[in-house]
Amino acid sequence: MNIRGVFIEDTFAEAFGMAAARIVITAVNQRWAHAAAVALTGFATSVIACKCEAAIERELGPDETPDARPGVAVLVFAMDAAGLGKRLVERIGQAVLTCPTTSCFDGLPDLPDRVSAGRTLRVFGDKFQSSKVVGGHRFWRVPVMDGEFLLQESFGVQTKGVGGGNFLILADDQAGALGAAEAAVAAIGGIPGVILPFPGGVARSGSKVGARAYTSLVASTNDAYCPTLRLSTDSALAEGVNAVLEIVIDGLDAEAIRKAMRAGIEAACRPGVRAITACNYGGNLGTFHFHLRQIMEDVS
Amino acid sequence: MITLTLNEQPNVPLEAEVLSPDVLAALANDEIRALPVYLGNRQRRVDDFFSVEGARSDELEIRGDVGKVKWIGRGMTRGRITIVGSVGMHLGAHMTGGTIDVSGNAADWVGAEMSGGVIRIRGNAGGQVGAAYRGSLSGMTDGTILIDGTAGLEVGMRMKRGIIAIGGLVRDFAGLEMKGGTIVMRSGAELRTGAWMVRGTIISLTPIQLLPTFSYASTYNPTFLRLYARHLATLGFTIPYEDQDGAYRRYSGDACVPGKGEILVWTGAA
Amino acid sequence: MDRRGVRIVDTFAEAFGMRAARVVITARSAAWARTAAQSMTGFATSVIGCKVEAGIEAELLPNETPDGRPGVSVLLFGFDADGLRGRLVDRVGQTVLTCPTTACFDGLPQAADRVVVGGALRHFGDRFQSSKFLDGQRYWRIPVMEGEFLVQEAFGVQKAIGGGNFLILAADQDAALAAAEAAVDVMRKVRGVILPFPGGIVRAGSKVGAKRYKKMIASTNDAYCPTLRGRTGVTSELPEGVNSVLEIVVDGLDRPAIESALRAGIDAACRPGVVQISAGNYGGKLGKHHFPLHALFA
């Protein structure tokens, strides 16, 4: 299969079940909602070393938020609901509670599985906090120096979230790979239900499980895709490929990831790109398989 | 400043390792004149061959064709030697600091096994620049050698670190068995570049013939080269590193060792 | 002391001895350097909750960086060198190594204490990595899918100060925020300091422990909460007319840097709508670095 001269490999991305939450941060303006979101989602690129993966899903207008103020939606992924609960307490506590003018709401209000991060954080109020129940949900009002921090008590957990959807861009050179990756990220931005956890949405250091030279290493460079190692190892790279970048996608469900992969791959098929492929572990580790050619069927 | 002017050309090579800032820095003029130099196996005095002006300085200027004077600057740790003329073998061998600047040509073994300092040859150099002496496991371990002209055989042989940059053509076996370090060749080299290379980097700014045991890996502009470009620019030697000007083809080798070295060959933008 | 109608309270900020490192991130463009820096410094507001405090110190022009590319300098603060080393390895590894086109250098070359960062990250190269030794420093080249990640082996760690601060007491939230934003704008231009909180400002100032819960490390600073004025159990420090308070916390490499930042920030915050400028301390018994506000303008 070829799209505009770019070869689409007959392979699949292998992804894993994860627990996910959506946090809605509102503030007096976008600048401050954004500041809190950036602080919340930093150092959250990979669940193994950062304990969670998090990024901004999209900006929200005043008509889309519970308190009718400008806001940002953030998705957070962890291995399970218990871990997710802990991460929400830590991150909301450090990055939203502290940020001027913000409020913090649950973005998955209809889901039955819940973690009560807001309840845990309320104690910052030193018993001076109070709550209000509106529409069947409890909101805590924590007294702080700039006024009050409004924080929803519980957050819905999507237990069927998916982490690790991906595709690789194989290009002539670094500039070509980067241009295609930036186009892919722009195309995926705004698709609801997905985030790209790596910096700027792009991973330049794709990894493989374990290492051949160090026994205790959990992950190491994916040498089969490293252009400078072409003859030093069993290379998976065809001639002419000098740079590879990976787009990793986490989503609230498989359909959202499929949409994102499709939009991203389409945008990445540009001059300078030779092929699109994907990372998997043979198919036995992750429950979710995203076949590239199936996803791109009606596009080619 | 101490100035030595060659009056009497030695008829066989003269060994003059006393001509070094470390030795001369504390000596009075008459003490310098009396320093021993070896004409073959005979001990002579410095002032048998040189007139000497000045004293007690770690700056030394040598004037005249000293192409038969060996071991100048041997083991020096500081100071400056300027040679106005050509110079003999083993210049700056084992030096650990200081600077040597030669206006003419140099013979073999410039900077052999040095571990610091800077040597600059404005003319041509001989073979075994920065190399290991026979039987030794590594050559220069740090420091920088710049040669504006050509260089001979076995440049950087068994080198372990440090930088050699050469403006003119280099002869066979550049980087022979090198275990680390960086050799930059503006005008390329003859044959067998990087033979038995274990580690380190050889950069050629023009296409060169490569051994069959070196394999092409990829084409790119490695970020680390920008650090070297800046370092070499302070010495007046420029290397390209921007995407718009071109890129380097990377060759891994030497597979027959097997080695983890690389040869980077510049290809200018079309 | 009054400054443009704003009262500067005769008190002091109490700050703590810490250790700091400076990381210089370069990339193909200023935007990508910034992206890596943002990812690196997120979730780093307070060393207690995040194990490290980090922030962007300055954007660097190509002629200010080791490899001649656009860059960003980041400062990280921790309790000790060994802890900082762990945080550097984690954060550089997760947010710089992974970010397209970046390279990572030490920004405190004069610091005598060195910790190994690149030397730990090099294992990601699975023995395919190599190093170059230049001007007395080792740099690791880790092969990655995009090409190579260049990272310096060792980073300097020096003594530093964390917790310099001042409080803006204003008539309403808008006035407090405008004053704080003006302060942040000028403070960000001072080198050698960072503002670790989101957007540089803290709205939830805390006190040590809690009055009504056991075993809490920190809780809301009720003496400065406008909505708690008059509550039983609260001794408010707020003068009449104050309805919103914001705090600016600054960590710095040394005293002069923090003093510069505080002076510039407080001056910028003295605007209409602001009633008082004060500072947070613990009676002077916990932290050894005190910054009396009046001395800044003496």
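Residues numbered from 1 in each chain as written. Chains lettered and ligands numbered in written order. Predicted model: local features only at pLDDT ≥ 70, side-chain atom pairs only at ≥ 80, totals over all residues.

1. Thoughts on the nonpolar core
And step 1. Of all hydrophobic cores here, the largest spans 289 residues; its most connected members are Ile25(A), Ala36(A), Val76(A), Ile169(A), Ile25(C), Leu76(C) and Ile168(C).
And step 2. The biggest single contributor to this core is strand 3 (residues 12-26) of chain A, with 10 residues. (Core = buried A, V, L, I, M, F, W, Y, C linked by C-beta atoms within 7 Å. Buried ≥ 20, exposed ≤ 12 C-beta atoms within 10 Å, placed from the backbone. Helix = DSSP H or I, 4+ residues; strand = E, 2+ residues; numbered from the N terminus.)

2. As for the pairing of strand 6 (residues 103-106) of chain C
Residue and element names in this part refer to chain C.
And step 1. Residues Ala 103 and Phe 105 of strand 6 are buried on one face, and the alternating residues Cys 104 and Asp 106, pointing to the opposite face, are buried as well.
And step 2. Bridge count for strand 3 (residues 12-26) against strand 6 is 4 bridges, and the pairing is antiparallel. If you follow Thr 26 over to strand 6, its bridge partner there is Ala 103.
And step 3. Pairing of strand 6 with strand 10 (residues 147-152), which is carried by 2 bridges, proceeds in the parallel orientation. For Ala 103, the partnering residue across the bridge sits in strand 10 and is Leu 150. (Pairing = 2+ DSSP bridges.)

3. Here we look at the interface of chain C and chain A
And step 1. Across the boundary between the two partners, chain C contributes 69 residues, which contact 70 residues of chain A.
And step 2. Broken down by secondary-structure element, the contributors of at least two residues to the side of chain C that touches chain A are helix 1 (30-41), helix 2 (47-50), helix 3 (81-96), strand 9 (137-144), strand 10, helix 5 (173-187), strand 14 (218-220) and strand 15 (244-252) of chain C.
And step 3. Ranked by the residues each element gives to the side of chain C that touches chain A, the list is headed by helix 1 of chain C, at 7 residues.
And step 4. The residue inventory of the side of chain C that touches chain A, partitioned by class, reads 33 nonpolar, 24 polar and 12 charged. (Contact = placed C-beta atoms within 7 Å. Nonpolar A, V, L, I, M, F, W, Y, C, P; charged D, E, K, R; others polar.)

4. Concerning unusual backbone geometry
And step 1. Across the junction of Gly253(B) and Asp254(B), the peptide omega takes the value 5°, indicating a cis bond.
And step 2. Within the element layout of this structure, Asp254(B) appears in the loop between strand 16 (246-253) and strand 17 (261-268).
And step 3. At the junction of Val257(B) and Pro258(B), the peptide bond is cis and its omega measures out at 0° in the coordinates.
And step 4. Among the secondary structure elements, Pro258(B) is positioned in the loop between strand 16 and strand 17.
And step 5. The residue Arg4(C) is not glycine, and still its phi comes out positive at about 50°.
And step 6. Inspection of the secondary structure puts Arg4(C) in the loop between strand 1 (2-3) and strand 2 (6-8).

5. Focus on the packing of helix 5 of chain C against helix 6 (residues 255-269) of chain C
The description of two helices packed together rests on the angle between their axes and the distance between the axes.
Residue and element names in this part refer to chain C.
And step 1. Taken N-terminus to C-terminus, the directions of helix 5 and helix 6 make an angle of 145°; their axes are 8 Å apart at the nearest point. Once helix 5 is placed against helix 6, the crossing between them reads as right-handed. Facing Ala 179, Ala 180, Ala 182, Ala 183, Val 186 and Met 187 of helix 5, the residues of helix 6 in contact are Ala 261, Ala 264, Gly 265, Ala 268 and Ala 269.
And step 2. Residues that form the contact of helix 5 with helix 6 fall into these classes: 10 nonpolar, 1 polar and no charged. (Axes fitted to C-alpha atoms, helices over the stretch in contact; angles between N-to-C directions. Left-handed = near helix turned anticlockwise from the far one by under 90°.)

6. Points about the interface of chain C and chain B
And step 1. Taken together, the contact pairs 14 residues of chain C with 13 residues of chain B.
And step 2. Breaking the side of chain C that touches chain B down by element, the ones donating at least two residues are strand 8 (130-134), strand 9 and strand 10 of chain C.
And step 3. Ranked by the residues each element gives to the side of chain C that touches chain B, the list is headed by strand 8 of chain C, at 4 residues.
And step 4. Considering only residue class, the side of chain C that touches chain B consists of 6 nonpolar, 3 polar and 5 charged.

7. Focus on the pairing of strand 6 (residues 59-63) of chain B
Residue and element names in this part refer to chain B.
And step 1. By the alternation rule, side chains of strand 6 split into Leu 60 and Ile 62, which are all buried, and Glu 59, Glu 61 and Arg 63, of which none is buried.
And step 2. With 4 bridges connecting them, strand 1 (residues 2-6) and strand 6 associate as parallel partners. From the neighbouring strand, Ile 2 faces strand 6, where its bridge partner is Leu 60.
And step 3. Relative to strand 8 (residues 80-84), strand 6 runs parallel, the two sharing 5 bridges. Bridge pairing links Ile 62 to Ile 83 in strand 8.

8. Here we look at the confidence of the model for chain B
Residue and element names in this part refer to chain B.
And step 1. The share of residues in chain B with pLDDT of 70 or more is 100%, and the mean pLDDT across the chain is 95.
And step 2. Across chain B, the secondary-structure element scoring lowest on mean pLDDT is strand 15 (residues 215-220), at 90, and the one scoring highest is strand 9 (residues 99-102), at 98.
And step 3. Model confidence for the complex is summarised by a pTM of 0.91, with the ipTM given as 0.92. (pLDDT = per-residue confidence, 0-100.)

9. Considering the domain arrangement of chain A
Residues and elements named next belong to chain A.
And step 1. Entries for chain A in the domain assignment read domain 1 (2-14 + 161-295) and domain 2 (19-158).
And step 2. Each side of the interface is counted separately: domain 1 has 12 residues, and domain 2 has 15 residues.
And step 3. A breakdown of the residues in the side of domain 1 that touches domain 2 according to their chemical character gives 8 nonpolar, 3 polar and 1 charged. (Domains from an automatic or database assignment.)

10. Describing the sheet that holds strand 4 (residues 42-45) of chain B
Residues and elements named next belong to chain B.
And step 1. Here 4 strands make up an open sheet; going across it, the order is 4-3-2-7 and the pairing mixed. The sheet is open, and its two borders are formed by strand 4 and strand 7 (69-70), each paired with just one other strand.
And step 2. Across 2 bridges, strand 2 (residues 14-15) lies against strand 3 (residues 36-39) in antiparallel orientation. Bridge pairing links Leu 14 to Leu 39 in strand 3.

11. Details of the environment of Ala27(C)
Residue and element names in this part refer to chain C.
And step 1. In this structure, Ala 27 sits in the loop between strand 3 and helix 1.
And step 2. In this structure Ala 27 comes out as buried when scored by C-beta crowding, with 28 C-beta atoms within 10 Å.
And step 3. Through-space distance from the C-alpha of Ala 27 to that of Leu 167 is 37 Å; in sequence the pair is 140 residues apart.
And step 4. Setting aside anything within four residues of it in sequence, one finds Ala 27 in contact with Trp 32, Ala 33, Ala 36, Arg 69, Pro 70, Thr 101 and Thr 102.

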